[in-house]
Amino acid sequence: MSTHQLTERPSRSMLFDGLARYIPIGATVALLLALYGGGVANYPKFDSPQVIAKLFIDNAPLLVIAVGMTFVILSGGIDLSVGSVMAFATMACAWLTVDAGISAPLAVALVLAFGTAWGLLIGAVIHYFDVQPFIATLVGLFLFRGLTLQISDTDVSMRDVEFFQWGMVHAVDVGEIRDGGFWLPNLSFVAFAVVIVAFTVLHYTRFGRGVYAVGGSESSALLMGLPVARTKIGVYAVSGFCAALAGVLAAFATKSANPLANVGAELDAIAAVVIGGTLLTGGAGFVLGTVAGVMVWGMLNTLIAFQGNLSSWWARIAMGVLLLAFILLQRVLARSGEKRRT
Amino acid sequence: MSDDPIVQMTGIRKDFTGVRALDGVDFTLRPGEIHAVMGENGAGKSTLIKVLTGVHAPDAGRIRLDGRPVGFHGPAAAQAAGISTVYQEVNLTDNLSVAENLFAGREPRRGPFIDFRAMRRKAKALLDDIGLDLNVAAPLSSYSIAMQQLVAIARAIDVEAKVLILDEPTSSLDRDEVEVLLGVMRRLAAQGTAMVFISHFLDQVYEICDRMTVLRNGRLVGEWATADLPENELIGHMLGREAAELEQIERTVAGHRVADEAPLASAAGLGRKGSIAPYDLDVHRGEVVGLAGLLGSGRTETVRLIAGADRADSGELRLDGAKASGHNPRTAAARGIAFCPENRKTEGLVGDLTVGENMILAMQAARGWARSVPAARRDRLVAEFIEKLDIRPADPDMPVKNLSGGNQQKVLLARWMLVEPRLLILDEPTRGIDVGAKADIQRLVAELSGEGMAVLFVSAELDEVTRLSDRIAVLRDRELIAVLESESERTVEHIVDTIVAGGRHE
Ligand SMILES: Nc1ncnc2c1ncn2[C@@H]1O[C@H](COP(=O)(O)OP(=O)(O)OP(=O)(O)O)[C@@H](O)[C@H]1O
Ligand SMILES: [Mg+2]
């Protein structure tokens, strides 16, 4: 209709705006390369491909809960219950197969369904009763740790070991490790699948974009007519499912349930998500960044293992320092972003 | 009109804690009409819209849509029923791209997946239609408020709604954009869309609306056909006082400049690449310098350099003749410069703090956090400015987020006037403010400059600039092209001519 063109205010320093989004994840990748380079330079055999592969074996459960956590944090929330839910899921697998005598596949299905249902419930509490996510999910942290210990305060082995063996079956096996080969088990591929699905959902579906919108501004999203309730409850369901799946992966990995496993895993996951470049305030970040964040965590542990004479707590100390650095980096970027717009 | 109403609200009451925002209000909207809801700041216009669209549940009253009783429990439900709304504050998510904001919730899909290509194409077409050329893949945050407002409007008009509600859509737009918007509205009206239009620009209301409903203090004053209600009567209904009182306020104020004094602030070749070309500008004590120009001409950018909000990469700024080095918002404040930015949502108010606390923020910051402002003095100042600016409700302890849009703007203004700066920079201070309050603010600016304060005044409304300013800097395409000094030059026509001519000699 109108023939005349309105003055367009050029979007200032757009290139920078576009790139600024990638600075945190760029920093994470650079850090990862530096850690790896440092390892290769200092330790023989660090360049074996199996060192990388092992990151995805040891940290597959962490990767899965961190992916779920990414959804929650992107939406502007937090989920402190994942470590406990994960331990509970592992213990439930053991209890259902050993005491209840249920077949292992069914037990796994029940556990996954339960994790999702728990997420839905807590999400509904957060949304409809306007409870702080921090508090609501803290309930889960205590509740499920308690329940887990209630089922058993000692390690329990899985029944139906044959089924649980599947997790560590080599899915790929390339040459001998000695000759520069590597192998990866099925459970790593489960984690990869979770990442791929999460990436697709976050970037290419309405639900995923809704997560970003709600994280950007919940009140705006509401006024825009977006399904805010569904989105907010959905992210906790995703996180609950991921926590339960991580518990199942742990069952696959160890074939036993330890009631005190994964204490503090929720914090590791949050740290990995933040180091992966996702803003704690929500609305900005990438699930692939989370993968990088988990790899940083794994790489630190690997370095300490190679060093041999350091306690594993050093990994946590290093993680703390990195976390601080990344949070500061995000603040600085956010500030310069605010300054640049009018 | 004899058509059956499309929306009928009867006896609507809405109470917020301590405030009755709406009391027995009736509102009727007929197909194909453009209906203005008029009233002062805080009259209840936005609340009426929010009750209609399910943001707030009414405490009493009935709503009918197409004759059927409805009670939406959220904007999504209202949208699904064919009511599309642009709320007063630009409500988009600026972390997402322009295209995503336009189509959020209704993205074109291929199977379960969003078809980003189709979305960008449709976004481009939609913006083209209203004559807007943006990079639709860029994050919305990289565009100005005006552009964001246009994007919000484009989003709302694209859904082919039965009812389109626009709550102060033009508050940050310039003439051209307003013309385009009005054109779009006419086209929609011809297609039978009913529209609700809220604006404090009376000329726009008279140009476009068929009918108006006037509210005052949450009560219905009446409904008129536009043709039957002359402007002064409308103002009388809105304010409950005679329009003649206003005329008297709107007298020209000029000529406070203290003669022969060295300038308080003097910019020489001050500029910033990609933002504003180097310019010279002096501001004297007791003088109001207006900045006029179209949207995107660099008005805001010009004052941001003087305010220290952006760093200049050429030229120098002198304050009291001394070079101001290391100019940033903090040092600027220390040097007696106060800057009231245009975007109150992201740069201004803290919604959860009270009116009084928000007002005192800048003053407190200027004193340093260790020395608190004595309570008695604080209360006195807050009360004084609440009265001067007629902030309603006149309750210093009300959280600012509960105030109407216009009253929030007044709180922000008070914050900067309160610090008693030597140079006060106001960027679009009267945005979203009603006719009565606008006059109050203009009078206050005149009063402050009369007391010796220098004022830099940015406004898209040329009459306001001409009425208030001693000198007017005219900008075009991010360049300061003229400073109009003499009385005969300081007219709207002359400014427009200057802008047009400024383009020719390039
Ligand atoms: N969420 C809320 N809580 C408490 N009071 C509110 C809330 N929203 C609005 N009010 C009050 O209701 C009254 C009407 O506000 P409303 O926003 O409808 O005014 P308005 O006519 O749109 O004014 P403006 O022209 O300034 O936008 C005001 O007194 C305001 O303070
Ligand atoms: Mg309003």
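Note that the structure is a prediction, hence the values are computed from the model and not measured.

(A) Inspection of the environment of serine 314 of chain B at higher detail. Residues and elements named next belong to chain B. Residue position: serine 314 is located in strand β16 (residues 314-319). What makes serine 314 partly exposed here is its relative accessible area of 25%. C-alpha separation for the pair serine 314 and phenylalanine 457, spaced 143 residues apart in sequence, amounts to 23 Å. Beyond its immediate stretch of four places on either side in the chain, serine 314 contacts Gly269, Leu270, Gly271 and Pro278. Only 3.3 Å separates the side chain of serine 314 from the backbone oxygen of glycine 269, close enough to count as a polar contact.

(B) The confidence of the model for chain A, seen in detail. A residue-level look at chain A finds 92% of positions with pLDDT of 70 or above and a mean pLDDT of 88. Predicted confidence for residues 1-15 of chain A stays below pLDDT 50, and this span has 50 contacts to residues more than four positions away or in other chains.

(C) Structural detail: the environment of alanine 94 of chain A. Residue and element names in this part refer to chain A. Mapped onto the fold, alanine 94 is located in helix α5 (residues 82-98). Residues alanine 94 and leucine 245 lie 151 residues apart in sequence; the distance between their C-alpha atoms is 14 Å. Not counting the four nearest positions on each side in its chain, alanine 94 is found in contact with Asp99, Val156, Ser157, Met158 and Ala257.

(D) Quick peek at the site of ligand 1. All names here are of chain B. Within the structure, ligand 1 sits among 20 residues, and Ser46, Thr47, Asn402, Ser404 and Gly406 are positioned closest to it. Contact between ligand 1 and histidine 200: an oxygen atom at 2.9 Å from a side-chain N or O atom of the residue. Contact between ligand 1 and glycine 406: an oxygen atom at 2.7 Å from a main-chain N or O atom of the residue. When ligand 1 sits alone it has 640 Å² of accessible area, and the protein chains cover 90% of it. At the level of elements, β2 (19-29), α1 (45-52) and α15 (405-418) are the ones that each hand at least two residues to the shell around ligand 1. Examining the composition of the shell around ligand 1, we find that 3 residues originate from one element, α1, more than from any other. Residue composition of the shell around ligand 1, by class: 6 nonpolar, 11 polar and 3 charged. Viewed by domain, the shell around ligand 1 spans two of them, domain 1 (7-242) and domain 3 (346-420), each represented by three or more residues.

(E) Structural detail: the side chain of aspartate 427 of chain B. Residue and element names in this part refer to chain B. With respect to the helices and strands, aspartate 427 occurs in strand β19 (residues 423-427). Although aspartate 427 is buried, it forms no salt bridge, and the closest oppositely charged side chain is arginine 299 at an N-O distance of 6.0 Å. For aspartate 427, the side chain forms a polar contact with the side chain of threonine 300, separated by 2.9 Å.

(F) Focus on the coordination of the magnesium ion (ligand 2). Residues and elements named next belong to chain B. Donor atoms from the polypeptide that coordinate the magnesium ion (ligand 2) comprise Ser46 (OG) and Gln88 (OE1), at 1.9 to 2.1 Å from the metal. With serine 46 in helix α1 and glutamine 88 in the loop between β6 (83-86) and α3 (98-103), this pair connects stretches of sequence that are 42 residues apart. In this structure serine 46 comes out as buried when scored by relative accessible area, which is 18%.

(G) The packing of aromatic side chains, seen in detail. Residue and element names in this part refer to chain A. The full count for this structure, using the stated rule, is 18 aromatic pairs over all chains. The structure contains a cluster of three or more aromatic residues connected by ring pairs, namely Tyr36, Tyr43, Phe46 and Phe306. The ring of tyrosine 212 is capped by arginine 209, whose NZ or CZ atom sits 4.5 Å from the centre of that ring.

(H) How the structure looks around α15 of chain B. Residue and element names in this part refer to chain B. Here α15 contains 14 residues, and its C-alpha end-to-end distance of 20 Å stays within 8% of the 20 Å for a straight helix at 1.5 Å per residue. Of all 14 residues in α15, 14 are buried, a share of seventy percent or more. Just past α15, the residue glutamate 420 takes up positive phi, approximately 50°.

(I) Looking closely at the confidence of the model for chain B. Taken residue by residue, chain B gives an average pLDDT of 86. The fraction at 70 or more is 94%. With pTM at 0.83, the complex prediction returns an ipTM value of 0.86.

(J) Fine view of the sheet that holds strand β13 (residues 265-272) of chain B. Residue and element names in this part refer to chain B. Spatial ordering of the open sheet is given by β14-β13-β16-β17, a layout of 4 strands whose pairing is antiparallel. At either end of the open sheet lies a strand with only one pairing partner, and these are β14 (276-283) and β17 (322-323). Here β16 runs beside β17; their pairing, made up of 2 bridges, is antiparallel. Opposite leucine 319, over in β17, you have alanine 322 as the bridge partner.

(K) Expanded view of the pattern of salt bridges. Overall, the coordinates contain 34 salt bridges over all chains when judged by the stated rule. Of the charged contacts in the structure, one is a salt bridge between aspartate 58 of chain A and lysine 54 of chain A, with a shortest N-O distance of 2.7 Å. In this pair, aspartate 58 of chain A and lysine 54 of chain A both sit in helix α3 (residues 49-58), 4 residues apart, roughly one turn of the helix. Taking the relative accessible area as the measure of exposure, aspartate 58 of chain A reaches 45% and is therefore partly exposed. The salt bridge involving glutamate 100 of chain B is made with arginine 209 of chain A; its shortest N-O contact spans 2.4 Å.

(L) View of the nonpolar core. Counting residues in hydrophobic clusters, the biggest one holds 160 residues, and the most contacted among them are Ile65 of chain A together with Met38, Val98, Leu102 and Met185 of chain B. With 13 residues, helix α12 (residues 228-254) of chain A is the single largest residue contributor to this core. Ignoring any residue separated from it by four or fewer positions in sequence, one finds methionine 185 of chain B in contact with Ile34, Leu166, Met195, Phe197 and Ile208 of chain B.

(M) Main features of the domain arrangement of chain B. All names here are of chain B. Parsing chain B into structural domains produces domain 1 (7-242), domain 2 (243-336 + 421-506) and domain 3 (346-420). Each of domain 1 and domain 3 was reduced to a C-alpha centroid, and the two centroids are 29 Å apart. At the interface, 7 residues of domain 1 touch 8 residues of domain 3. Taken over both partners, the interface formed by domain 1 and domain 3 buries close to 580 Å², and the fraction arising from carbon and sulfur atoms is 39%.

(N) Structural view of the sheet that holds strand β20 (residues 454-458) of chain B. All names here are of chain B. Across the sheet, which stays open at both edges, the 6 strands sit in the order β18-β19-β20-β15-β21-β22 with mixed pairing between neighbours. Only two strands of the sheet have a single neighbouring strand rather than two, namely β18 (337-340) and β22 (479-484). The sheet shows a mean angle of 15° between the axes of neighbouring strands, taken without regard to direction. Contacts between α15 and the sheet are confined to β18 and β19, with β18 contributing the most and set at about 175° to the helix.

(O) Region of the structure containing helix α13 (residues 355-367) of chain B. Residue and element names in this part refer to chain B. Between its first and last C-alpha, α13 extends 19 Å over 13 residues, near the 18 Å set by a 1.5 Å rise per residue. Leucine 361 marks where α13 bends most, by close to 40°. Check the buried side of α13 and you find it contacts α14 (375-388) and α15. Of the residues one or two after α13, glycine 368 is the one with positive phi, at around 85°.

Rules and cut-offs
Residues numbered from 1 in each chain as written. Chains lettered and ligands numbered in written order. Predicted model: local features only at pLDDT ≥ 70, side-chain atom pairs only at ≥ 80, totals over all residues. Heavy atoms only, no water. Helix = DSSP H or I, 4+ residues; strand = E, 2+ residues; numbered from the N terminus. Buried < 20%, exposed > 50% of the residue type's maximum accessible area, 1.4 Å probe, protein only. Contact = heavy atoms within 4.5 Å. Polar contact = N/O pair within 3.5 Å; in protein donor to acceptor, adjacent residues only side chain to side chain. pLDDT = per-residue confidence, 0-100. Near = heavy atom within 4 Å. Areas by Shrake-Rupley, 256 points an atom, 1.4 Å probe, with all protein chains shown as cover. Nonpolar A, V, L, I, M, F, W, Y, C, P; charged D, E, K, R; others polar. Domains from an automatic or database assignment. Lys, Arg positive; Asp, Glu negative; His and termini not counted. Salt bridge = Lys/Arg side-chain N within 4 Å of Asp/Glu carboxyl O. Donors = N, O, S within 2.8 Å, 3.2 Å for Na, K, Ca; no water. Phe/Tyr/Trp six-rings, centres within 6.5 Å; stacked < 30°, edge-to-face > 60°. Lys NZ or Arg CZ within 6 Å of the ring centre and 35° of its normal. Expected span 1.5 Å × (residues − 1). Pairing = 2+ DSSP bridges. Core = buried A, V, L, I, M, F, W, Y, C linked by side-chain atoms within 4.5 Å. Buried area = accessible area lost by both parts, 1.4 Å probe. Axes fitted to C-alpha atoms, helices over the stretch in contact; angles between N-to-C directions. Bend = angle between axes of the 7 residues up to and from the residue.

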